[in-house]
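Residues per chain are reported as follows:
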Amino acid sequence: MMREPKRLGRAALLAFALALPLGLGACQSDTSTEDVLGSASDGQIGPQNTSVAKSGPAKSGESLGKGPIKVSMLLPLSAGGTAGDRGRKMRDAAALAMADLGNDLLTLNIEDTGGDETRARTLTTGALASGAKLVIGPSEHGAVRQLAAVSGANRPLVLALADNYAGAPGVYSVRLNEADSAAAGAAAIAAKGARKFVLFMAEGDAGKVIEKRVANSLSIYGASLAVALPFGPAGGGSDKAVADMMALVDDPQAIVIASGSANPAPLVSALKAKGVLGKNVALVGSTRWLEHGISDPALQGAHIATLDAAEIGPIADRFRKTYNYEPDINVAYGYDTVALAAGIASAMGPKGFTKKVIENPTGFRGSTGIFRFRDDGAGERAMPFFRIENGKLKQIEKSTSGF
C-alpha cells in the first residue's frame, strides 16, 4: 500500500481515494459507498446552485504543478454568461485538486477557449500534439466533435465537458446528460416493480441514444419499452404525441419523458387530460426538466434522477474557505477530473492513461458520487432520486443508476 503524503489533510486524502478506480490495488479509504454518496437533506432542494465565481480575472495559459505527466485543460474562462462562470469555477476546482493531490504528479496546462468555437478547435489541436496524456475539456460541442473524429494510437484520452454530449470512443462524456438521467430514473421505477414503459424522447440522434440507454437500464430489472416516440418541435405537438401513444399501447405502468430542449409541461398536461397518468402510472423526467423550471402544477409528483449540488462530497468546505464562494456541480466536475488524473498517475504512472483503465467497469468514486465511462464514450453515474413537490426536488432515494 502506498504511503500517504503527510502534507495532505483527511479531507484531501479522502478525495484522493475517491478519485481512484474502485478496482485498483492502491491506497483507498475504507469509507463505504453509502458514505461516499452521502445523503441530501430530507427536506427539499431547488435547481442547481447558480452562485457566481468570485475568484478574480480568468487565467489563460496557466501551468500548475511540476509533475512529469502532462494534462491539458481547455476551459471557457473569459466567456460571458453561464459558460464563463462554469469555466472559472472548474479552473478553481482544478487548482484545488492540484494543490491537494496533483502538484508532484502532474503538470496541468490550462488554456482559455473564451467560449469561441474557432479558438476551441485550435487549442484542441494543440492539446492533441502537446504530449499530454489526458485532455480535460473542451466544453464547445464543435471542438469536441473534432476530437471524436481524430483517430490514431497516440491520441490522448479526452474527458469532454460539453453539455448533453453523448460520448464517442476515447472522448468521454463527463457532465451528467439526459440519457443517463432518464435511464437512472427509469431503472429506479422498474426496481419498484413497473414493467411496461413508454418513452417520449428527443428528436434525432439524441433521442436514439436516450432510447438505447433507457431500454438497457430497464432490461436489468426485466422491464421493457412498449413504445418509444420522438417528441419535439417537428412532431406535431403534445396532443398528437399522446394520440400516437394511445394508438400503440394500453395501460402503461410508467412514462418517461426525456424530450431534450422541448418543454415537457405541455406533454404532461396532455397526458393528464387524456387520463393516461392515473395514480398507478409513474412519471419520470430527466435532468433537462430543470432548464425549464419545475414549478408548473402539471409536473408535481414526477420523478427525476439528477445530481444534487448541495452534496458534492468532501471538497465543499475546503473549496468554500479557499475561494469564498459556494461550490456547485461545476466545481465537482473540475475537481473530479483532475483528481482522477492524479489518482491514475499515482497508482499506475504514465502507462495508466489507457482506455482499459478509464473504462474500468467498476468505475470511480468522486465528489459527484460513483461514475464510470463506457467504451462508446458515454458516462454513467449513480445519483440521488427525487420527486417534484411544490416546485422543488425532494430526495426519496440516496442513489440510483441505469447500470
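Residues numbered from 1 in each chain as written. Predicted model: local features only at pLDDT ≥ 70, side-chain atom pairs only at ≥ 80, totals over all residues. Heavy atoms only, no water.

Mapped onto the fold, isoleucine 255 is located in strand S10 (residues 254-258). On the basis of relative accessible area, isoleucine 255 is assigned to the buried category, the value being 0%. Separated by 13 residues in sequence, isoleucine 255 and valine 268 have C-alpha atoms that sit 9.8 Å apart. In contact with isoleucine 255, other than residues within four places in its own chain, are Val198, Phe200, Met245, Leu271, Val276, Leu277, Val281, Ala282, Leu283 and Val284. (Helix = DSSP H or I, 4+ residues; strand = E, 2+ residues; numbered from the N terminus. Buried < 20%, exposed > 50% of the residue type's maximum accessible area, 1.4 Å probe, protein only. Contact = heavy atoms within 4.5 Å.)

Time to look at the sheet that holds strand S14 (residues 369-373). Strand order in this open sheet of three strands is S13-S14-S15, and the pairing throughout is antiparallel. Looking along the sheet, the strands with just one partner apiece sit at the ends: strand S13 (364-366) and strand S15 (379-381). Here the strands of the sheet are splayed against their neighbours by 35° on average, with no regard to which way each runs. (Pairing = 2+ DSSP bridges. Axes fitted to C-alpha atoms, helices over the stretch in contact; angles between N-to-C directions.)

Here the focus is the confidence of the model for the protein chain. Looking at the protein chain as a whole, the pLDDT averages 85, with 84% of positions reaching at least 70. Every residue in residues 22-52 scores below 50 in pLDDT, and together they form 74 contacts with partners more than four places removed in sequence or on other chains. The low-confidence segment residues 54-58, where pLDDT is below 50, has eight contacts with residues more than four positions distant or belonging to other chains. (pLDDT = per-residue confidence, 0-100.)

Take the pairing of strand S9 (residues 224-230) next. By the bridge criterion, six bridges tie strand S8 (residues 196-201) to S9 in an arrangement that is parallel. Bridge pairing in S9 places lysine 196 opposite serine 224.

Among all residues save glycine, negative phi is the norm, and among peptide bonds the norm is trans. With an omega dihedral of 0°, the bond running from glycine 137 to proline 138 counts as a cis peptide bond. For proline 138, the position within the fold is in the loop between strand S5 (134-136) and helix H5 (141-149). A positive phi angle, near 50°, is found at aspartate 251, a position not held by glycine. Secondary-structure assignment places aspartate 251 in the loop between helix H8 (238-248) and S10. One non-glycine residue, asparagine 324, lies in positive phi territory at about 60°.

Right, let's get into the environment of serine 78. Checked against the element boundaries, serine 78 lands in the loop between strand S3 (69-75) and helix H3 (81-102). A relative accessible area of 48% places serine 78 in the partly exposed class. With 37 residues separating them in the primary sequence, serine 78 and glycine 115 have C-alpha atoms 7.4 Å apart. In terms of polar contacts, serine 78 uses its side chain to reach the side chain of aspartate 112, at 2.6 Å. (Polar contact = N/O pair within 3.5 Å; in protein donor to acceptor, adjacent residues only side chain to side chain.)

Bringing the side chain of glutamate 140 into the picture now. Assignment of secondary structure puts glutamate 140 in the loop between S5 and H5. Although buried, glutamate 140 forms no salt bridge, and the nearest oppositely charged side chain, arginine 119, lies 8.5 Å from it. If near-sequence neighbours (up to four positions away) are discounted, glutamate 140 is found in contact with Pro76, Thr113, Gly115, Asp116, Glu117 and Ala120. (Lys, Arg positive; Asp, Glu negative; His and termini not counted. Salt bridge = Lys/Arg side-chain N within 4 Å of Asp/Glu carboxyl O.)

Right, let's talk about the environment of threonine 113 for a bit. Counting through the fold element by element, threonine 113 comes out in the loop between strand S4 (106-112) and helix H4 (117-128). Note: C-alpha distance between threonine 113 and leucine 123 (ten residues apart in sequence) is 7.2 Å. Sequence-distant contacts of threonine 113, that is, excluding residues within four places in its chain, are made with Leu74, Leu75, Pro76, Arg119, Ala120, Leu123 and Glu140. Within the structure, the side chain of threonine 113 is placed 2.6 Å from the side chain of glutamate 140, a separation counted as a polar contact.

This next bit is on the side chain of glutamate 178. For glutamate 178, the position within the fold is in helix H6 (residues 178-190). Although glutamate 178 lies buried, it forms no salt bridge, and the closest oppositely charged side chain, arginine 288, sits 4.5 Å away as judged by the N-O distance. Here glycine 260 takes part through its backbone nitrogen, which lies 3.0 Å from a polar atom of the side chain of glutamate 178. With sequence-adjacent residues up to four places away left out, glutamate 178 is seen in contact with Asn164, Ile210, Ala258, Ser259, Gly260, Ser286, Thr287 and Arg288.

To continue, consider the packing of aromatic side chains. Applying the stated rule across the entire model yields six aromatic pairs. Ring centres 4.9 Å apart and planes at 45° place the aromatic pair phenylalanine 319 and tyrosine 323 in the tilted group. Here phenylalanine 319 pairs with tyrosine 323, and both are found in helix H11 (residues 316-323), just four residues apart, close to one helical turn. The exposure class assigned to tyrosine 323 is buried, which follows from its relative accessible area of 16%. Look at phenylalanine 319 and tyrosine 325: their rings are 5.2 Å apart centre to centre, the planes differ by 90°, and that puts the pair in the edge-to-face class. Of the residues examined, phenylalanine 319 reaches a relative accessible area of 0% and is grouped as buried. Looking at tyrosine 325, the relative accessible area reads 3%, which means it is buried. By way of ring pairs, the aromatic residues Tyr172, Phe364, Phe371 and Phe373 are connected into one cluster. (Phe/Tyr/Trp six-rings, centres within 6.5 Å; stacked < 30°, edge-to-face > 60°.)

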